[in-house]
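The lines below spell out each chain.
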Amino acid sequence: MVAETVKIALEKALEIMGEREYTSPLLDARLLLSHVLEVDKSYLYLNLDSEIPGDRLKRFYELVEKRAKGYPLQYILGSQEFMGLEFHVEEGVLVPRPDTEVLVERIIELVKSEKTESGPKILEIGTGSGAIAVSLAYYIEDAEVYSVDIDETPVRVAAENAKRHGVESRTHFLHGSLFEPLDQLGEIEYDIIVSNPPYIKSDEIEKLQLEVSTFEPKLALDGGDDGLVFYREISSGGLRYLKSGGMLAFEIGHDQKESLIEIMDRDYRDIETVADYGGNDRVVIGYKKE
Ligand SMILES: C[S@@+](CC[C@H](N)C(=O)[O-])C[C@H]1O[C@@H](n2cnc3c(N)ncnc32)[C@H](O)[C@@H]1O
């Protein structure tokens, strides 16, 4: 392939990607080019007239084509930032979303406002990249975090991310469905159960943007006919593992608040909801009744 300058390559990439709607196509193109050139993004601004070697240029256009078909940028780059930490992501794990930071921030705030002698034991259902489990272990220094996923890829990826952030000794990733793998650990009572479960109604998945509906794992999205299957399972199943007064914290879809309050009302008290920065209800928290 004949060498081209950075400027021309970026312009052509925008043309290729132009047929679909992106949040920020130029940013995507810059990130892909700096990824291929193994340079910092700032290099591109200062070297618009530099020539890109043919082999790298070919690779760049391959990735642009892939992105143009809706393949998530984060899977190409292999990473996504969450709570100020860089997480490795790949096909088979959900890309962590900024909305989920609201859930993690609130849990950290509540834990830090309570004086306890030992750190909290936290159980997460639905690990993904480990974004929630690793961040909680990272920001709550004495927390012990257990996290379960039904798929093997998240269990492996999350363990890698825990290592990357130096919390591998306080995080435990378990393979299995819901509470099923916990029995092998013996009797542990958890202070907190947290989950960002699959919560999209089955028949709405196809309507999501291409990046999500085609390329992100269905297992991470599908919440059954009404989107609430996992909330019911975790609210009732969690009672056996949660200590009296322990916290149950969920991320929810923007229109699920009322349903969640109804699901949790019988067994949990002091239910609170937290909105995300866009004003949408995003988090529901309650405490196991004594
Ligand atoms: C919405 S994703 C959340 C991932 C991550 N915690 C985050 O917030 O980015 C839900 C996760 O639940 C997992 N999952 C689905 N069904 C499950 C089950 N029955 N038991 C445990 N995990 C399950 C999926 O594989 C997926 O990783």
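The name an unreviewed UniProt entry assigns to the protein chain is Release factor glutamine methyltransferase, from the organism Andreesenia angusta. Heading Function (unreviewed entry) of the UniProt record for the protein chain holds this comment: "Methylates the class 1 translation termination release factors RF1/PrfA and RF2/PrfB on the glutamine residue of the universally conserved GGQ motif." Per UniProt, the protein chain has the following entry under Sequence similarities (unreviewed entry): "Belongs to the protein N5-glutamine methyltransferase family. PrmC subfamily."

Colleague: An account of a negative patch on the surface is requested, with residue identities and associated values reported.
Modeller: A cluster of acidic residues, Asp203, Glu204, Asp222, Asp225 and Asp255, forms a negative patch at the surface. By the secondary structure assignment, Asp225 is in the loop between helix H9 (210–215) and helix H10 (229–237).

Colleague: Explain the site of the ligand residue by residue, including any values.
Modeller: Neighbouring residues of the ligand: 20 residues in total, closest Glu124, Gly126, Asp149, Leu178 and Asn196. Here Gly126 contributes a backbone N or O atom positioned 2.8 Å from a nitrogen atom of the ligand. Protein chains shield 96% of the accessible area of the ligand, which is 600 Å² for the free molecule.

Colleague: Describe the side chain of Asp149, with residues and values.
Modeller: Relative to the helices and strands, Asp149 is located in strand E6 (residues 144–149). The side chain of Asp149 sits in the buried core without any salt bridge; Arg156 is the nearest counter-charge, 12 Å away. A polar contact of 2.9 Å, which involves the side chain of Asp149, links it to the backbone nitrogen of Asp151. Sequence-distant contacts of Asp149, that is, excluding residues within four places in its chain, are made with Gly126, Thr127, Gly128, Pro154, Val155, Leu174, His175 and Gly176.

Colleague: So what about the UniProt feature "domain: Methyltransferase small" (unreviewed entry) in the protein chain? Which residues, and what values?
Modeller: Under the feature "domain: Methyltransferase small" (unreviewed entry), the UniProt entry names residues 116–204. For the annotated span residues 116–204, helix accounts for 25% and strand for 25% of the residues, and the straight-line distance between the end C-alpha atoms is 43 Å.

Colleague: Could you give an account of unusual backbone geometry, naming the residues involved and the relevant values?
Modeller: Unusually for a residue other than glycine, Glu38 sits at a positive phi of about 55°. On the secondary structure map, Glu38 appears in the loop between helix H2 (25–37) and helix H3 (41–46). Although it is not a glycine, Met83 sits at a positive phi angle of roughly 50°.

Parameters and conventions
- Residues numbered from 1 in each chain as written.
- Predicted model: local features only at pLDDT ≥ 70, side-chain atom pairs only at ≥ 80, totals over all residues.
- Heavy atoms only, no water.
- UniProt positions renumbered as here; feature names shortened; annotations may be inferred.
- Patch = residues over 30% accessible without salt bridge, like charges linked within 9 Å, V, L, I, M, F, W, Y side chains within 5 Å.
- Areas by Shrake-Rupley, 256 points an atom, 1.4 Å probe, with all protein chains shown as cover.
- Salt bridge = Lys/Arg side-chain N within 4 Å of Asp/Glu carboxyl O.
- Lys, Arg positive; Asp, Glu negative; His and termini not counted.
- Charge placed at Lys NZ, Arg CZ, Asp CG, Glu CD.
- Helix = DSSP H or I, 4+ residues; strand = E, 2+ residues; numbered from the N terminus.
- Near = heavy atom within 4 Å.
- Polar contact = N/O pair within 3.5 Å; in protein donor to acceptor, adjacent residues only side chain to side chain.
- Buried < 20%, exposed > 50% of the residue type's maximum accessible area, 1.4 Å probe, protein only.
- Contact = heavy atoms within 4.5 Å.

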